[in-house]
Amino acid sequence: MERKVRVRFAPSPTGPLHIGGVRTALYNYLFARQHGGDMILRIEDTDSQRFVPGAEDYINESLKWLGIKIDEGVREGGKYGPYKQSERRDIYREHVKMLLDNGKAYMAFDTPAELEEARATRPNFQYDASTRMSMRNSLSLPADEVKRLLDEGAQYVVRFKIEPGRDVVVNDLLRGNVTINSSVLDDKVLYKSADDLPTYHLANIVDDHLMEVSHVIRGEEWLPSAPLHVLLYEAFGWGDTRPDFVHLPLLLKPDGKGKLSKRDGDRLGFPVFPLEWHDPKSGEISSGYRETGYLPEAVVNFLALLGWNPGDDSEIMNMEELIKKFTLEHCSRSGARFDFEKGKWFNHKYLQEVSDEKLAEMFVPILKANGVNPDDYGMDYIARAVGMVKGRINFVKDLWDQAKFFFVEPTEYAAKDVKKRWNADMPRIMGELVEELKKAPDMTSNVLEQEILGWIAENGYHTGNVMNAFRLTVVGECKGPHMFDITELMGKDETIRRIELGIERIKPAE
RNA sequence: GGCGAUUUAGUGUAGAGGCCUAGCACGCCGCCCUCUCACGGCGGAAACCCGGGUUCGAAUCCCGGAUUCGCUACCA
């Protein structure tokens, strides 16, 4: 097994890339990079019915945003192209013929209605060795009849002729040998004459072989059809170069039953797509991780740990570390429930690593959206404000809630805090505080702190009460960073202005 | 229904016969820090699907059952 590692991510452009698909792509990528292999992106657009315009661009953009780099693909090129299946018709046609010629497949003329009827009338109907002679195909029909149908231009499909009674062994790197008897497999459709396109099964095997794919890492939903794929490799005579299989567990709903779906996101209020998606048909908009305020690094880290662990207690790992530590041995075999809360935590962690300056830049659009002109303050001011509150945010957008008082005066004062902290003496005491502030030569945090705390002590005031009332006038509620850090940044004039505003506007409860 | 996979706290997981009075993380609760709210630090509640075996000894091995998930299309 000296073969070069080559893996592929092969989505079909039938809609936005699902977060589960993203994880599959990520695992492929980690595996490829770790082994110095190649990562192929193949577009499986063999279903002309379900094709959605824009989906392919969406896939590319998503992977790019996440930092999953493609070595070969439609955009990147490569010597095994084309990488879009709809452009490989000649190749498939040729391979279908190979199978037809060596008797591994046959043509079936049954109409959809006929198939439907067979399924409805016969219990447990399956198109296989036990039933195929009773259907209309090139095996059951006389040769001249088949020829006549073909000459008439009758539509047909090519089905794989599965020999029954054989135990087919799929060696899965994660699950070991999975054995399925060929009798339970049906004669899968490999090719449809109607649109001159193969189905997934045929295209997948032909492409993986031609593209010299060494490892097929895909979702568990493919496990039941893996024996069929093994048989297909054999039918083509490619048994000895067949890739290794890895069937990853699925991502499950945070609650209830079943795998994670688009609906869950809508219902529980979190994104299931990497990027925001505008459905071209319905006009419906689905939220994305990027637009929700996630850092791509956080999404990658979070996703990596859903179904895999590094074997030690580390949790925060960047792409480079993930590549280094990734191993199939530490992938789990059971579905992982999607935990949105943990995702938030990862984003929080990554946000802490972003510099105040960078965070300030990310905050600018939000400031503008809230009617604040960033130029009135300057980037330095914004960065310092952001630096004071970033420890308490999970998303960039949380910055507004935590830091808005740096930019706009309080319009209302939290009733609960007013009740607790604003007694009848406060207007007077705050008036005195204003006088103290006016006298203060220096607004530097620790200098002013010493001074004001000294003044409070001299007058025998209660520190907590005075400080919180002070905070109430400046912030509007009793929360936020160290009070004197706030006033240092805000400056003397603004601080005094807010206290006076508070004296005027805050009415003692009771 | 058939076939396959799966099963450790609410969630993600560690654990590959004695190191397990089952570890870590998120979430939850409490304490500390403190002018407040957070952050952070410390601590707490919380799990081996069930039943049989094998063994001196089982979360770990065997058998049976149950569970959950997937597949069962001229979709991928």
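Rules and cut-offs
- Residues numbered from 1 in each chain as written.
- Chains lettered and ligands numbered in written order.
- Predicted model: local features only at pLDDT ≥ 70, side-chain atom pairs only at ≥ 80, totals over all residues.
- Heavy atoms only, no water.
- Helix = DSSP H or I, 4+ residues; strand = E, 2+ residues; numbered from the N terminus.
- Rg over C-alpha atoms; globule rule 2.2 N^0.38 Å.
- Buried < 20%, exposed > 50% of the residue type's maximum accessible area, 1.4 Å probe, protein only.
- Contact = heavy atoms within 4.5 Å.
- Areas by Shrake-Rupley, 256 points an atom, 1.4 Å probe, with all protein chains shown as cover.
- Lys, Arg positive; Asp, Glu negative; His and termini not counted.
- Charge placed at Lys NZ, Arg CZ, Asp CG, Glu CD.
- Phe/Tyr/Trp six-rings, centres within 6.5 Å; stacked < 30°, edge-to-face > 60°.
- Lys NZ or Arg CZ within 6 Å of the ring centre and 35° of its normal.
- Axes fitted to C-alpha atoms, helices over the stretch in contact; angles between N-to-C directions.
- Parallel < 35°, antiparallel > 145°, perpendicular 65-115°, else oblique.
- Nonpolar A, V, L, I, M, F, W, Y, C, P; charged D, E, K, R; others polar.
- Domains from an automatic or database assignment.
- Buried area = accessible area lost by both parts, 1.4 Å probe.
- Salt bridge = Lys/Arg side-chain N within 4 Å of Asp/Glu carboxyl O.
- Pairing = 2+ DSSP bridges.
- 1 Å grid on protein atoms, 1.4 Å probe; cavity = no way out; pocket = protein on both sides within 12 Å on 5 of 7 lines; lining within 4 Å.
- Points joined across faces, edges and corners; volume = space filled by probe spheres on them.
- Polar contact = N/O pair within 3.5 Å; in protein donor to acceptor, adjacent residues only side chain to side chain.

## Looking at the overall build of chain A
Then, number 1: Helix and strand content of chain A: 21 helices and 14 strands.
Then, number 2: Taken over C-alpha atoms, the radius of gyration comes to 32 Å for chain A, far larger than the 24 Å a tight globule of 510 residues would show.
Then, number 3: On the principal axes, the C-alpha backbone points of chain A span a range of 110 × 50 × 40 Å.
Then, number 4: Going through the 510 residues of chain A one by one, you find that 49% of them count as buried.
Then, number 5: Pairs at least 24 apart in sequence give 72% of the contacts found in chain A among residues at least 6 apart.
Then, number 6: Counting only carbon and sulfur atoms, one obtains 49% of the accessible surface of chain A, whose full area is about 23,700 Å².
Then, number 7: The distance from the centre of the 68 positive side-chain charges to the centre of the 83 negative ones in chain A is 3 Å.

## Notes on the packing of aromatic side chains
Then, number 1: Applying the stated criterion to the full structure yields 25 aromatic pairs.
Then, number 2: Ring geometry for Tyr381 versus Phe406: centroids 6.4 Å apart, planes at 85°, classification edge-to-face. Of this pair, Tyr381 sits in helix α14 (residues 379-389) while Phe406 is found in the loop between α15 (398-403) and α16 (415-421), placing the two residues 25 residues apart along the sequence.
Then, number 3: For Tyr381, a relative accessible area of 13% puts it in the buried group.
Then, number 4: One aromatic cluster in this structure is built from Phe270, Tyr289, Tyr294, Phe302, Phe338, Phe340, Trp345, Phe346 and Phe395.
Then, number 5: Here the basic side chain of Arg6 rests over the ring of Tyr80, its NZ or CZ set 4.1 Å away from the ring centre.
Then, number 6: Above the ring of Tyr127, the side-chain terminus of Arg159 is found at 3.7 Å from the ring centroid.

## Side note on the packing of helix α3 (residues 89-101) against helix α6 (residues 200-210)
Then, number 1: Packing of α3 against α6 leaves a shortest axis separation of 10 Å and a crossing angle of 105°. Considered as vectors, α3 and α6 are oriented roughly perpendicular to each other. Listed contacts from α6 to Ile91, Tyr92, His95, Val96 and Leu99 of α3 are Leu202, Ala203, Val206, Asp207 and Leu210.
Then, number 2: Looking at side-chain class alone, the contact of α3 with α6 contains eight nonpolar, one polar and one charged residues.

## Looking at the domain arrangement of chain A
Interface size is often expressed as the accessible area that is lost when the parts come together.
Then, number 1: Along its sequence, chain A is organised into domain 1 (88-248), domain 2 (262-352) and domain 3 (409-505).
Then, number 2: Computed over C-alpha atoms, the centres of domain 1 and domain 2 are 35 Å apart.
Then, number 3: For the pair domain 1 and domain 2, the summed buried area comes to about 440 Å², and 70% of that belongs to carbon and sulfur atoms.
Then, number 4: Counting every contact that joins domain 1 to domain 2 gives zero salt bridges.
Then, number 5: A per-class count over the side of domain 1 that touches domain 2 returns three nonpolar, no polar and one charged.

## Brief notes about the pairing of strand β5 (residues 167-172)
Then, number 1: Residues Val168, Val170 and Asp172 of β5 are buried on one face, while the alternating residues Asp167, Val169 and Asn171, pointing to the opposite face, are not.
Then, number 2: Summarising the sheet, β5 and strand β6 (residues 176-181) pair through six bridges and their orientation is antiparallel. The residue of β6 that forms the bridge with Asp167 is Asn181.

## Some thoughts on the layout of surface pockets
Rolling a probe over the atoms, with the probe sized like a water molecule, indicates the empty space that remains.
Then, number 1: In this model, the largest pocket occupies a volume close to 1,200 Å³.
Then, number 2: Considering the residues around the largest pocket, the lining is formed by 44 residues, among which Pro11, Ser12, Thr14, Glu221 and Trp222 are closest to the centre.
Then, number 3: Contributing elements (two or more residues each) for the lining of the largest pocket: β1 (6-9), α1 (19-34), α6 and β9 (215-219).
Then, number 4: Examining the composition of the lining of the largest pocket, we find that five residues originate from one element, α1, more than from any other.
Then, number 5: Taken together, the residues that form the lining of the largest pocket break down as 19 nonpolar, 13 polar and 12 charged.

## Brief notes about the side chain of Asn137
Then, number 1: Here Asn137 is to be found in the loop between α4 (112-121) and α5 (143-151).
Then, number 2: At 2.8 Å, the side chain of Asn137 and the backbone oxygen of Arg132 are in polar contact.
Then, number 3: A distance of 2.9 Å separates the side chain of Asn137 from the backbone nitrogen of Ser140, its partner in a polar contact.
Then, number 4: Every residue in contact with Asn137, bar those within four places of it in the chain, is listed here: Tyr106, Met107, Ala108, Phe109, Tyr127, Arg132 and Val146.

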